[in-house]
Structure formats: C-alpha cells, structure tokens
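Commentary on secondary and tertiary structure
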Amino acid sequence: MIQILQNNTAQLAGINSLVAAQPEETSQAPLSSSEMVNREERITAGNPFTDNPRMTCRNVNVYYGDKPAINDVSIDIAEHEVLAMIGPSGCGKSTFLRCLNRMNDTIDICRVTGDIKLDNMDIYGKDIDVVPLRAQVGMVFQKPNPFPKSIYDNVAYGPKIHGLVANKTELDQVIENSLIKAGLWNEVKDRLDQPGTGLSGGQQQRLCIARAIAVGPEVILMDEPCSALDPIATAIIEELIAELKEQFTIVIVTHNMQQAARVSQRTAYFHLGDLLEVGRTDKLFTAPSHQLTEDYITGRFG
Ligand SMILES: Nc1ncnc2c1ncn2[C@@H]1O[C@H](COP(=O)(O)OP(=O)(O)O)[C@@H](O)[C@H]1O
Ligand SMILES: [Mg+2]
C-alpha cells in the first residue's frame with residue numbers, strides 16, 4: 001500500500017494544487033450537473049484509443065425505454081491497465097460498465113446499440129453465449145454479495161458450473177489460487193467451510209473478487225467496489241487492484257477521485273451520458289482539457 005501511495009503522491013498533489021489554485025471559484029454559483037451540454041461540448045477530449053486494446057467500444061448508445069443514457073461513446077480498454085470511470089451521479093457510469101459484459105441484457109427496457117469487442121469478438125454477436133462471456137468479463141458490485149454458502153463453495157461455484165475442473169484436487173487448487181490472488185487465503189484457509197456471509201465487509205468483497213478470478217477472466221469490472229467499506233478495507237482492495245492488473249484488465253467505477261488517482265493509469269470522465277474526456281490519469285487530474293472535467297474535479301458540481 002505504501003508503494004501505491006508513494007507512486008501516486010504526484011497525482012494526488014496535482015489534484016490538491018488544482019483545487020487550491022482556484023479558491024475564488026468556490027464562491028460562484030455551483031453548476032447544475034443536469035445543465036444542458038452544447039453539441040460541440042460533447043466531443044470527447046483526449047485520446048480514447050490505445051495501441052493494445054483488450055476491449056474496443058465504438059459508437060455505443062444505451063437507452064432505457066425512449067430515454068438515452070449513453071450517447072455515442074467510443075473508447076478502448078487496454079491490456080493490463082486499470083481504467084477509472086468517474087462523473088456525477090446518474091451520468092451513466094454503471095450503465096456503460098454493464099455494457100461490457102452484457103449485464104444490461106437483464107434489464108428489460110434497456111437497449112444497447114453500437115459495437116463492443118473483446119479481443120476482436122463481437123460480444124453482442126448472435127452466437128454469443130452470455131454465460132461464458134460473463135466469466136471472461138467478470139464483475140464485482142458495490143455491495144459485497146457472497147452467496148449464502150461456505151467460503152469454499154462461493155469460489156467453487158463458477159469453476160463447477162463452467163466445467164473448468166476435472167476433479168476435487170483441481171478444484172481445491174483453483175480455490176486456493178483464487179483466494180491467494182484475492183489476498184484472502186491467509187485469513188480464511190482454516191475456515192473454508194464457514195459461511196462467506198460471516199466475513200467482514202472488506203473480506204466479503206475480496207471473496208467476491210476471488211469468485212470472479214476463479215473462472216479465469218480476462219477483464220474484471222468493478223462498480224464502486226469500496227463504497228460500502230471502511231478506509232482500511234478500502235486501502236487493502238486498492239493495493240489488491242494494483243496487483244491484479246499484472247494479470248487482468250480492470251475497469252473501475254468510482255465516485256472517489258483520490259481513489260481514481262491512486263489506482264488507475266487512465267481515467268474516463270462521463271457527463272450526462274457523454275464521454276467528455278479520457279486520458280492519462282495524472283494529466284486528467286492536473287491539466288484537464290474539458291471545462292466540465294475541470295469543474296467536476298474541482299468540486300463545482302457532483
Ligand atoms: N434500470 C434502469 N431503468 C431505467 N433507467 C435507469 C436504470 N438504470 C439507470 N437508469 C438511468 O440511466 C441514467 C444513468 O444511470 P447510471 O448508469 O446508474 O449512472 P451512474 O452509475 O453514473 O450513477 C440515469 O438517468 C438513471 O436514472
Ligand atoms: Mg452507478
């Protein structure tokens with residue numbers, strides 16, 4: 001954790017100096033996040049594309065019934081990066097995240113158009129089975145949601161239903177490896193038969209991460225994974241994210257800008273369903289290109 005904090009001290013200093021540099025701004029009337037954005041202001045600032053994309057999203061639109069929630073978003077998600085998605089409440093962060101493993105399919109009135117590929121595979125293609133897709137692109141939710149089963153069975157569930165293991169020895173190995181990668185093994189190895197719901201909130205969230213890891217994902221989506229956790233449990237998850245990115249690609253939604261600065265290499269700023277800016281995290285927080293990005297990160301609305 002110390003290492004992560006040191007690595008990101010410059011970024012955090014950047015946020016703080018930007019905030020400090022504009023004291024007079026705070027006396028202005030705050031912008032309303034529901035204020036209309038002009039057409040030309042909606043063009044994405046920065047470069048949303050990368051040289052080594054794991055996922056590519058092009059011209060993605062999402063509607064709930066007639067109501068648009070995501071407007072023509074194009075972005076790449078690079079291999080072994082942590083991409084943070086930030087923006088005011090209701091701007092479409094969760095909606096966009098759910099496009100990436102077709103979780104929006106579970107919402108009747110939700111309609112997704114555009115093109116999203118995982119390693120050149122069209123994930124909205126007719127022949128795509130969403131069950132293995134959601135193993136390849138796993139998800140961790142805001143509130144830890146272990147199954148009402150033992151710690152062992154929580155992690156065993158995915159490998160069993162996906163037929164990833166031939167026998168109990170292999171299953172035991174997958175469970176141990178997944179719990180080690182999720183940074184939970186030492187805390188639970190002597191009580192694997194006890195209920196997952198009996199763990200602390202932070203441990204439950206790491207159990208959910210172990211459950212996602214157990215089915216061999218390529219991408220892990222996290223929707224405000226620390227918002228229900230205390231600061232110590234949050235720091236442990238942030239440290240874990242830094243380790244996981246060596247093996248996986250991670251997209252994290254967070255309303256905590258310090259967290260985005262600490263854990264991510266690139267940040268995407270959403271506003272009323274538009275992707276207004278995307279770029280290197282240090283740049284976006286210290287020298288944003290879009291006025292609305294600056295207004296948001298300096299606290300003029302949110
Ligand atoms: N299940 C749903 N049904 C209808 N509208 C929804 C649903 N989920 C989200 N929305 C709407 O889509 C917009 C974006 O919401 P969401 O993706 O949850 O934003 P965020 O995660 O950035 O807070 C909001 O206007 C919200 O009311
Ligand atoms: Mg959300």
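Heads up: the structure comes first, above all this text.
Notes on the structure follow. (Residues numbered from 1 in each chain as written. Chains lettered and ligands numbered in written order. Predicted model: local features only at pLDDT ≥ 70, side-chain atom pairs only at ≥ 80, totals over all residues.)

**Points about the sheet that holds strand β4 (residues 110-118)**
Using the following cut-off: Note: two strands are recorded as paired if DSSP finds a minimum of 2 bridges between them. Going along the chain from the N terminus, every DSSP run of H or I of four or more residues is numbered as a helix, and every run of E of two or more is numbered as a strand.
With respect to topology, 4 strands assemble into an open sheet ordered β2-β1-β4-β5, the strand pairing being antiparallel. Looking at strand neighbours, the two that pair on one side only are β2 (67-78) and β5 (121-122), the edges of this open sheet. Looking at chain direction, strand β1 (residues 53-64) and β4 are connected through 8 bridges and run antiparallel. What sits directly across from Thr56, in β4, is Lys117.

**As for the site of ligand 1**
Applicable threshold: In this text, near has one meaning. A residue is near a molecule or strand if its C-beta atom, placed using the backbone, is within 6 Å of it. Polar here means any residue other than Ala, Val, Leu, Ile, Met, Phe, Trp, Tyr, Cys and Pro, which are nonpolar, and Asp, Glu, Lys and Arg, which are charged; Gly is therefore polar.
For ligand 1, the full set of nearby residues is Tyr64, Ala69, Gly87, Ser89, Gly90, Cys91, Gly92, Lys93, Ser94, Thr95 and Ile107. Here the element with the most residues in the shell around ligand 1 is helix α3 (residues 93-99); it accounts for 3 residues. Tallied by class, residues from the shell around ligand 1 come to 4 nonpolar, 6 polar and 1 charged.

**Focus on helix α8 (residues 201-213)**
Stated precisely, the cut-off is as follows: Any helix carries an expected span of 1.5 Å times its number of residues minus one. Labels follow a simple rule on C-beta atoms placed from the backbone: if 20 or more others lie within 10 Å of a residue's own, it is buried; if 12 or fewer, it is exposed; otherwise it is partly exposed.
Its 13 residues give α8 an end-to-end C-alpha distance of 18 Å, which sits within 8% of 18 Å, the value for a rise of 1.5 Å per residue. Within α8, 12 of the 13 residues are buried, which leaves it mostly tucked inside the rest of the structure. Buried residues of α8: Gly202, Gln203, Gln204, Gln205, Arg206, Leu207, Cys208, Ile209, Ala210, Arg211, Ala212 and Ile213, and no others.

**Section: the packing of helix α5 (residues 151-161) against helix α6 (residues 168-181)**
Stated formally: Angular values range over 0 to 180 degrees, each being the angle between N-to-C directions of two axes fitted as lines to C-alpha atoms, with helices fitted over their stretch in contact. An angle below 35 degrees is treated as roughly parallel, one above 145 as roughly antiparallel, one from 65 to 115 as roughly perpendicular, and anything else as oblique. Note on convention: near helix rotated counterclockwise from far helix by under a right angle means a left-handed crossing. Clockwise means right-handed. Residues are scored as being in contact if the C-beta atoms we place from backbone atoms lie within 7 Å.
Running from N to C, α5 and α6 point in directions that differ by 115 degrees, and their axes come no closer than 10 Å. Taken together, the axes of α5 and α6 are roughly perpendicular relative to one another. Crossing of α5 against α6: the hand is right-handed. In this structure, α5 contributes Tyr152, Val155, Ala156 and Pro159 to the contact, and α6 contributes Leu171, Val174, Ile175, Ser178 and Leu179. In the contact of α5 with α6, the residues fall into 8 nonpolar, 1 polar and no charged.

**Here's the deal with unusual backbone geometry**
A positive phi angle is found at His80, which is not glycine, with a value near 55 degrees. C-beta crowding within 10 Å serves as the criterion here: with 14 such atoms nearby, His80 is assigned to the partly exposed category. Its identity as a non-glycine residue notwithstanding, Leu272 has a phi of 50 degrees, on the positive side. Along the polypeptide, Leu272 turns up in the loop between β9 (266-271) and β10 (274-280).

**Some words on the nonpolar core**
The criterion, for reference: In these notes, a nonpolar core means any group of buried Ala, Val, Leu, Ile, Met, Phe, Trp, Tyr and Cys residues linked to one another through C-beta atoms within 7 Å.
Core analysis: the largest hydrophobic core is formed by 75 residues, its most contacted members being Met85, Ala210, Ile220, Leu221, Ile250, Val251 and Ile252. Examining the composition of this core, we find that 6 residues originate from one element, α8, more than from any other. With near-sequence residues (within four places) excluded, Val251 lies in contact with Ile77, Leu83, Met85, Leu97, Leu100, Val219 and Leu221.

**Describing the pairing of β10**
In terms of burial, β10 is largely enclosed, as 6 of its 7 residues are buried. Two strands pair when backbone bridges link them, and β9 and β10 are joined in this way by 6 bridges, in the antiparallel orientation. The residue of β10 that forms the bridge with His271 is Asp274. What sits between β9 and β10 in their antiparallel hairpin is a turn of 2 residues, with Leu272 showing a positive phi close to 50 degrees.

**Examining the sheet that holds β9**
A sheet is described by the order of its strands in space; here 6 strands give the open sequence β6-β7-β8-β3-β9-β10, paired in mixed fashion. Edge strands, defined here as strands with exactly one partner in the open sheet, are β6 (137-140) and β10. Going across the sheet, the axis of each strand differs from the next one's by a mean of 20 degrees, ignoring polarity. Of the pairings in the sheet, the one linking strand β3 (residues 82-86) to strand β8 (residues 249-253) comprises 4 bridges and is parallel in character. If you follow Leu83 over to β8, its bridge partner there is Val251.

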